[in-house]
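Spelled out from the first residue to the last, the chains are:
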Amino acid sequence: MTPILYSYRRCPYAMRARMALKYAGIQVEHREIELRNKPHSMLIASPKGTVPVLCADGLVLDQSLDIMRWALDKSDPDGWREVDKGVSQAWIEKNDGQFKVLLDQYKYPNRFPDLSQGDVLNSAIELMLKPMEAALQSSKYLMGNKMSLVDIAIFPFIRQFAAVNPEQFDALPFSSVKTWLNQQLESDLFNSVMDKHPTWLD
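As a starting point, this report considers the structure included with it. (Residues numbered from 1 in each chain as written. Predicted model: local features only at pLDDT ≥ 70, side-chain atom pairs only at ≥ 80, totals over all residues. Heavy atoms only, no water.)

### Re the overall build of the protein
Item 1. Broken down by element type, the protein carries 9 helices and 4 strands.
Item 2. Listing every helix and strand of the protein by position from the N terminus yields β-α-β-α-β-β-α-α-α-α-α-α-α.
Item 3. For a compact globule of 202 residues, the expected C-alpha radius of gyration is about 17 Å, and the protein comes in at 17 Å, within 12% of that figure.
Item 4. A principal-axis box enclosing the C-alpha atoms of the protein has dimensions of 50 × 40 × 30 Å.
Item 5. Just so you have it, the protein exposes about 10400 Å², and 50% of that area is on carbon and sulfur atoms.
Item 6. Computing the positive centroid from 23 side-chain charges and the negative centroid from 25, the protein places the two 3 Å apart. (Helix = DSSP H or I, 4+ residues; strand = E, 2+ residues; numbered from the N terminus. Rg over C-alpha atoms; globule rule 2.2 N^0.38 Å. Areas by Shrake-Rupley, 256 points an atom, 1.4 Å probe, with all protein chains shown as cover. Lys, Arg positive; Asp, Glu negative; His and termini not counted. Charge placed at Lys NZ, Arg CZ, Asp CG, Glu CD.)

What follows is the structure, encoded as structure tokens:
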């Protein structure tokens, strides 16, 4: 049975799952959902109703990192997981935790009228962009001179952050982060998982 992936094109969690599956050479049946009209089959598989959801080998994986790790367990030709586990986990936890909160506050200011956008931006810079810039000044990728799981796990969120206000992002003094981001944006891997799919209907 071909694994089934419920996905949403612009969701950063789904994006990183698709990239890992593609990298690992795993063919999936792609089911593009509509957030306001989620398919019944997806909700039966995963009642929490968020993407991505992978149904494979009798398993239901509804966390993007679990999908990434499942894919890399199948095939990891370039050694994406051959990195310090503690350091890689710290990067991902920071991205998925506090940075994701700041990203939502930055992207949807109307939802957070009591917050200063300048303060949110500065917090995001101190938390994520400055440490990334420091790491990328000494190596091509976040964990060294080759791509790793960490780069792919974090990239879709930095992409989203940069897209909120491109002019403001371009003005920030983080040339290494911008080079890293552009490399990902222009990569065959990223572009191969951004094709548009018709909405899946049960």
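### What about the pairing of strand β1 (residues 4-7)?
Item 1. Side chains I4 and Y6 of β1 all project onto a buried face; the interleaved residues L5 and S7 project onto the opposite face, where all are buried too.
Item 2. At this point the chain moves from β1, through helix α1 (residues 12-23), to the parallel strand β2 (residues 29-32), and the crossover so formed is right-handed.
Item 3. Here 3 bridges tie β1 to strand β3 (residues 53-56), and the two strands are oriented antiparallel to one another. Bridge pairing in β3 links I4 to C55. (Buried < 20%, exposed > 50% of the residue type's maximum accessible area, 1.4 Å probe, protein only. Right-handed = clockwise from strand over helix to strand, strands pointing away. Pairing = 2+ DSSP bridges.)

### Brief notes about the packing of aromatic side chains
Item 1. One pass over the structure, following the stated rule, counts 5 aromatic pairs.
Item 2. With a centroid separation of 3.6 Å and 0 degrees between ring planes, the pair formed by Y23 and W80 is classed as stacked. Taken as a pair, Y23 in helix α1 and W80 in the loop between α3 (64-74) and α4 (85-107) lie far apart in primary sequence, 57 residues in all. For the pair formed by Y23 and W80, the shared burial category is buried.
Item 3. Aromatic side chains F155 and F190 sit 5.1 Å apart centroid to centroid with 90 degrees between the ring planes, which places their arrangement in the edge-to-face category. Linking F155 in helix α6 (residues 149-164) with F190 in helix α9 (residues 188-192), this pair joins segments that are 35 residues apart in sequence.
Item 4. For F155, a relative accessible area of 0% corresponds to the buried category. (Phe/Tyr/Trp six-rings, centres within 6.5 Å; stacked < 30°, edge-to-face > 60°.)

### Here we look at the layout of surface pockets
Item 1. Reported here for the largest pocket is a volume of approximately 670 Å³.
Item 2. The wall of the largest pocket is formed by 27 residues, among which C11, P12, Y13, K100 and Q160 lie closest to the centre.
Item 3. Elements with a minimum of two residues in the lining of the largest pocket: α1, α3, α4 and α6.
Item 4. In this structure, the second largest pocket spans a volume of roughly 280 Å³.
Item 5. In terms of lining residues, the second largest pocket is bounded by 13 residues, among which K22, V28, H30, S192 and V193 are the most central.
Item 6. Among the elements that take part in the lining of the second largest pocket, α1 stands out by supplying 3 residues, more than any other.
Item 7. Looking at the lining of the second largest pocket, its residues break down into 5 nonpolar, 5 polar and 3 charged. (1 Å grid on protein atoms, 1.4 Å probe; cavity = no way out; pocket = protein on both sides within 12 Å on 5 of 7 lines; lining within 4 Å. Points joined across faces, edges and corners; volume = space filled by probe spheres on them. Nonpolar A, V, L, I, M, F, W, Y, C, P; charged D, E, K, R; others polar.)

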